[in-house]
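# Notes for the structure review
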Amino acid sequence: MGRRIAAKITGVAAYVPPRVVTNFDLEKVVETNDEWIRTRTGIRERHYVEPGMTASHMATEACRQLLESKNVAPEEIDLIVVGTVTPDMLFPATACLVQHNLGAKNAWGFDLSAACSGFVYALTVGAQFVGAGTHKKALVIGSDVMSAILDFQDRATCVLFGDAAGAVLVEPAQSDSEGIIDFMCDIDGAGGCQLYMPGGGSLHPASRETVDKRMHYVHQEGQQVFKYAVRRMSDVSSELLERNGLSGKDLALVVPHQANLRIIRATQERLGLDDSKMMVNIDRYGNTTAATVPLGLRDAVEQKRLRKGDLVLLIAVGAGYTTGGILLRWAY
Ligand SMILES: CC(C)(COP(=O)(O)OP(=O)(O)OC[C@H]1O[C@@H](n2cnc3c(N)ncnc32)[C@H](O)[C@@H]1OP(=O)(O)O)[C@@H](O)C(=O)NCCC(=O)NCCS
């Protein structure tokens, strides 16, 4: 049996910074070309913040839109969980900055570090508080300014990422026919050395040397990460369905993490789904780390691809390694 959480998503919003950076723009920065990026990753363009805009600013923008669309006052929010690996600062938590920006004076909250699985982990954790009945309105956010930690001398990595934030409102489910049916989250720390940012933590505090050695940027073994992501996205998706007596046919939509179109298509093939059941927007945004899944939900709602009662699968793999999957019934 699944691990049900009696909580549901009741609204979604996203913020994407206006500045578009195309593959052709990147051709002027690193030795790359539009054709390589498109065919190897599926990405055509991504968005970057202007200097000064941070993860908390983007998260605040997404939440403001969300609260306005739901006609919810900031004071009604009782919990804020932020998935991010690019917080404004190491501390205080981005959740505190967002709480202050919004005027959500009755909320407590915290950040959660799970890289590209950040939103799925944050939703799992935030929903638990709502499902337990101790919280009524939680904001669950994924926000990352990847452009702040990209090495524009590393062409295999810098072309992959973009900036964005997405947020959902989580409220108690009223019946078993809505909300979270099951979730699976796991970590595999053996993969920690394949995708990481070595500088700026307690291992290598910021120094002239760490800057000279470009340690404050994303370091990635792309092929290793690729193989792990293909395997785990497919395995966890299949297991979540199987242990609930479901199959790919029952799904209305999969909202996968957007790291590489080839990873998404491999997952799709394993589940036996046609294109209409996969949310794909990597072409426009690239990999926005913790923001991909809520951004995918936002786009799916805008494209009217979600209806009340639909079976939806959220699935992500990220640095750590972290893997997270959530199976839910869409509630509005
Ligand atoms: C990064 C990634 C796109 C690279 O694709 P790949 O097919 O594995 O490519 P390779 O690393 O084998 O490189 C192939 C060639 O392209 C070159 N190349 C790499 N980046 C390039 C770029 N931006 N433009 C042009 N050529 C590039 C390489 O130097 C290599 O050249 P060589 O054969 O002469 O040595 C792919 O491995 C990937 O998507 N990995 C997962 C990334 C990810 O999901 N990260 C987030 C985790 S959630």
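Just above, that's the structure.
This report concerns the structure included in the present document. Position numbers for residues count from 1 along each chain, tracking the sequence in the order it is written. At least 70 in pLDDT is required for a residue's local features to be given in this predicted model, at least 80 for side-chain atom pairs to be given and counted, and no such filter applies to totals for whole chains, interfaces and linings, which use all residues. Think of the side-chain values as coming from all heavy atoms in the structure, minus any hydrogens and water.

### Things to note about the site of the ligand
- We call a residue near a molecule or strand as soon as one heavy atom of that residue lies within 4 Å of the molecule or strand. Near the ligand lie 23 residues; those nearest to it are Thr 32, Arg 40, Gln 220, Gln 223 and Asn 260.
- Polar contact is defined as a pair of N or O atoms within 3.5 Å, subject to the rule that within protein one atom must be able to donate a hydrogen and the other to accept it, and that residues adjacent in sequence are counted only when both atoms are side-chain atoms. Side-chain polar atom of Gln 220 to a nitrogen atom of the ligand: 2.7 Å apart, as the coordinates give it.
- Separating a nitrogen atom of the ligand from a backbone N or O atom of Gly 222 is a distance of 3.0 Å.
- A 1.4 Å probe and the Shrake-Rupley method give the accessible areas. Residues count as covered only by the protein chains that appear here. Surface burial for the ligand is 74%, taken as the share of its 960 Å² of free accessible area covered by protein chains.
- A run of DSSP states H or I qualifies as a helix once it reaches four residues; a run of E qualifies as a strand once it reaches two. Both are numbered from the N-terminal end. For the shell around the ligand, the secondary structure elements donating two or more residues are helix H2 (34-41), helix H6 (155-158), helix H8 (222-242) and helix H9 (261-271).

### Some details on helix H11 (residues 292-302)
- The buried label applies to any residue whose accessible area, calculated with a 1.4 Å probe on protein chains only, is under 20% of its type's maximum; exposed applies above 50%, and partly exposed to all values in between. Burial within H11 is extensive, with 9 of its 11 residues counted as buried.
- Along H11, the positions that sit buried rather than exposed are Thr 292, Val 293, Pro 294, Leu 295, Gly 296, Leu 297, Arg 298, Asp 299 and Ala 300.
- What makes two residues a contact is simply this: any of their non-hydrogen atoms within 4.5 Å. Among the structural elements, strand E1 (7-15), helix H5 (118-131), strand E7 (163-172), strand E11 (253-256), helix H10 (282-285) and strand E12 (311-318) are those in contact with the buried residues of H11.
- Looking one or two residues beyond H11, the residue adopting positive phi is Lys 304, at roughly 55°.

### Points about the sheet that holds E11
- Note on pairing: two strands pair once DSSP finds at least 2 bridges between them. If you trace the 4 strands from one edge of the open sheet to the other, you get E8-E13-E12-E11, paired in mixed fashion. Each edge of the sheet is formed by a strand with only one pairing partner; in this case those strands are strand E8 (179-187) and E11. When the angles between neighbouring strand axes are averaged without regard to direction, this sheet yields 10°.
- Bridging between E12 and strand E13 (residues 322-329) involves 8 bridges; their strand directions are antiparallel. Bridge pairing in E13 places Val 312 opposite Leu 328. In this analysis an axis means a line fitted to C-alpha atoms, helices contributing only their contacting stretch, and an angle means the value between N-to-C directions, from 0 to 180 degrees.

### Quick notes on the sheet that holds E1
- Across the sheet, which stays open at both edges, the 5 strands sit in the order E1-E7-E6-E4-E5 with mixed pairing between neighbours. Where the open sheet ends on each side, the last strands, each with one partner, are E1 and strand E5 (108-112). Strand-to-strand twist of the sheet, defined as the mean angle between neighbouring strand axes without regard to direction, takes the value 20°.
- Taken together, the 8 bridges between strand E6 (residues 138-145) and E7 define a ladder with antiparallel strand orientation.

### Looking at the pairing of E5
- In this structure, strand E4 (residues 79-83) lies alongside E5, joined through 5 bridges in parallel fashion. Opposite Leu 79, over in E5, you have Trp 108 as the bridge partner.
- Crossover handedness is defined here as right-handed if the route from the first strand over the helix to the second strand goes clockwise, with the strands pointing away from the viewer. In terms of handedness, the path from E4 via helix H4 (residues 94-102) over to E5 forms a crossover that is right-handed.

### A closer look at the side chain of Asp 182
- Looking at the secondary structure, you find Asp 182 in strand E8.
- In this structure the side chain of Asp 182 is engaged in a polar contact, spanning 2.7 Å, whose partner is the backbone nitrogen of Arg 3.
- A distance of 2.9 Å separates a polar atom in the side chain of Asp 182 from a polar atom in the side chain of Asn 244.
- Apart from residues lying up to four places away in sequence, Asp 182 is in contact with Gly 2, Arg 3, Leu 240, Arg 243, Asn 244, Gly 325, Ile 326 and Leu 327.

### What to know about the packing of H8 against H9
- The geometry of H8 relative to H9 is characterised by a closest axis approach of 9 Å and an angle of 30° between their N-to-C directions. In the packing of H8 onto H9, the handedness of the crossing is right-handed. On H9, the residues that touch Phe 226, Ala 229, Val 230, Met 233, Ser 234, Asp 235, Ser 237, Ser 238 and Leu 241 of H8 are Arg 262, Ile 263, Ala 266, Thr 267, Arg 270 and Leu 271.
- Residues are grouped as follows: nonpolar covers Ala, Val, Leu, Ile, Met, Phe, Trp, Tyr, Cys and Pro; charged covers Asp, Glu, Lys and Arg; every other residue, Gly included, is treated as polar. Tallied by class, residues from the contact of H8 with H9 come to 8 nonpolar, 4 polar and 3 charged. Left-handed describes a crossing whose near helix is turned anticlockwise from the far helix by less than a right angle; the clockwise case is right-handed.

### Brief notes about the nonpolar core
- Residues Leu 251, Val 254, Leu 271, Leu 313 and Leu 327 are the most contacted members of the largest nonpolar core, which totals 41 residues.
- For this core, the elements supplying multiple residues, two or more each, are E8, H8, H9 and E12.
- Ranked by residue count, the leading element in this core is H8, at 7 residues. Throughout this description, the term nonpolar core refers to a set of buried Ala, Val, Leu, Ile, Met, Phe, Trp, Tyr and Cys residues connected via side-chain atoms within 4.5 Å.

### Things to note about H4
- Regarding H4, the residues found buried are Thr 94, Ala 95, Leu 97, Val 98 and Leu 102. Angular distribution of buried residues about the axis of H4 spans 160°; they occupy a single face of the element.
- Looking at the buried residues of H4, the elements they touch are helix H3 (55-70), E4, E5 and E6. Directions from the helix axis toward the C-beta atoms define the arc.

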